[in-house]
Amino acid sequence: MTFEEFVEARLQALLRYAVMLTGDPHTAQDLVQETMIRAQLQWRRISAADLPERYVKRMLTNVYVDLHRGSWLRRVVLRGVDLDETLAARTVGDHADNLAERDQMWLWLGRLPRQQRAALVLRYYEGLTDAEIAEVLGRPVGTVRSWISRALSTLRAQVSPAMAGGDAP
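Residues numbered from 1 in each chain as written. Predicted model: local features only at pLDDT ≥ 70, side-chain atom pairs only at ≥ 80, totals over all residues. Heavy atoms only, no water.

Caption draft 1: Expanded view of the pattern of salt bridges. For the structure on display, the rule yields seven salt bridges. Between Lys57 and Glu126 there is a salt bridge, and its shortest N-O distance comes to 2.6 Å. Here the residue Lys57 occupies a position in helix H4 (residues 52–65), and Glu126 occupies one in the loop between helix H7 (114–125) and helix H8 (130–137), the gap between them amounting to 69 residues. The class for Lys57 is buried, based on a relative accessible area of 9%. The partner of Asp130 in a salt bridge is Arg145, with the nearest N and O atoms 2.8 Å apart. Of the two residues, Asp130 sits in helix H8 while Arg145 sits in helix H9 (residues 141–163), which places them 15 residues apart along the sequence. We classify Arg145 as partly exposed; its relative accessible area is 49%. (Salt bridge = Lys/Arg side-chain N within 4 Å of Asp/Glu carboxyl O. Helix = DSSP H or I, 4+ residues; strand = E, 2+ residues; numbered from the N terminus. Buried < 20%, exposed > 50% of the residue type's maximum accessible area, 1.4 Å probe, protein only.)

If you want it as structure tokens, here you go:
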């Protein structure tokens with residue numbers, strides 16, 4: 001497969017993955033663009049890999065995780081991203097309530113450390129196993145499980161007060 005064929009076949013999936021990581025379509029486009037530049041420069045090595053898409057996804061994840069801490073990304077308000085068909089499948093209620101819930105979830109996800117957020121996206125959005133996530137992130141399976149557990153605990157702690165009617169921390 002040539003680089004051009006790979007990009008044509010997988011670009012949209014990589015962009016959706018990046019949106020789930022960043023919560024912002026514009027930042028996601030920047031990450032994917034940076035990753036595609038790097039991938040084109042290393043295409044011989046990538047195309048020789050057993051799973052080129054997983055190799056590129058790992059590159060994309062690393063670009064996301066390596067963003068400078070305290071950068072402008074942390075100040076971006078996470079809005080305007082469609083969360084796939086899962087939101088559409090929910091019972092239709094007040095549209096403003098749905099938007100408020102989605103925005104709140106994006107804020108909670110945005111507070112997670114990048115590695116934890118990447119692990120959650122790989123698990124629940126991409127549907128990867130612990131071993132596959134460990135491969136993408138280049139970490140041991142135990143570390144991946146720990147990140148997912150901590151992220152879910154953090155989210156539960158934030159969701160519980162909000163469900164009780166209080167504001168989340």
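Caption draft 2: Representation of H4 within the structure. Here H4 contains 14 residues, and its C-alpha end-to-end distance of 20 Å stays within 8% of the 20 Å for a straight helix at 1.5 Å per residue. Taken together, the buried positions of H4 are occupied by Arg54, Val56, Lys57, Met59, Leu60, Thr61, Val63, Tyr64 and Val65. Buried residues belonging to H4 abut helix H1 (3–22), helix H2 (25–41), helix H3 (43–48), H7 and H8. (Expected span 1.5 Å × (residues − 1). Contact = heavy atoms within 4.5 Å.)

Caption draft 3: Quick peek at the nonpolar core. Grouped together as the largest cluster of nonpolar side chains are 41 residues, with contacts concentrated most on Met36, Ile133 and Leu137. For this core, the element with the highest residue contribution is H1, accounting for nine residues. Discounting chain neighbours no more than four positions away, the residues touching Ile133 are Ala119, Leu122, Arg123, Leu128, Val144 and Ile148. (Core = buried A, V, L, I, M, F, W, Y, C linked by side-chain atoms within 4.5 Å.)

Caption draft 4: Just the environment of Arg123, in detail. Position of Arg123 relative to the elements: it lies in helix H7. Sequence separation between Arg123 and Ile133 is 10 residues, and the spatial gap between their C-alpha atoms is 7.2 Å. Every residue in contact with Arg123, bar those within four places of it in the chain, is listed here: Leu128, Asp130, Ile133 and Ile148.

Caption draft 5: Representation of the confidence of the model for the protein. Per-residue confidence for the protein averages 80 on the pLDDT scale, and 77% of its residues sit at or above 70. pLDDT under 50 marks residues 69–87. Its contacts with residues more than four places away, or in other chains, come to 32 contacts. (pLDDT = per-residue confidence, 0-100.)

Caption draft 6: View of the packing of aromatic side chains. Under the counting rule described, the total for this entry stands at two aromatic pairs. The interplanar angle of 70° and the centroid separation of 5.5 Å between the aromatic rings of Phe3 and Trp43 together place this pair among those described as edge-to-face. Of the two residues, Phe3 is situated in helix H1 and Trp43 in helix H3; the sequence distance between them amounts to 40 residues. Just as Phe3 is buried, Trp43 falls in that class too. On the numbers, 5.2 Å between centres and 45° between planes, the contact of Phe6 with Trp43 is tilted. With Phe6 in helix H1 and Trp43 in helix H3, this pair connects stretches of sequence that are 37 residues apart. Ring pairing ties together the aromatic residues Phe3, Phe6 and Trp43, which thus form one cluster. Stacked on the ring of Tyr17, the Lys or Arg Lys57 has its end atom at 5.4 Å from the ring centre. In this structure, Arg114 packs its charged tip against the face of Tyr64, placed 5.7 Å from the ring centre. (Phe/Tyr/Trp six-rings, centres within 6.5 Å; stacked < 30°, edge-to-face > 60°. Lys NZ or Arg CZ within 6 Å of the ring centre and 35° of its normal.)

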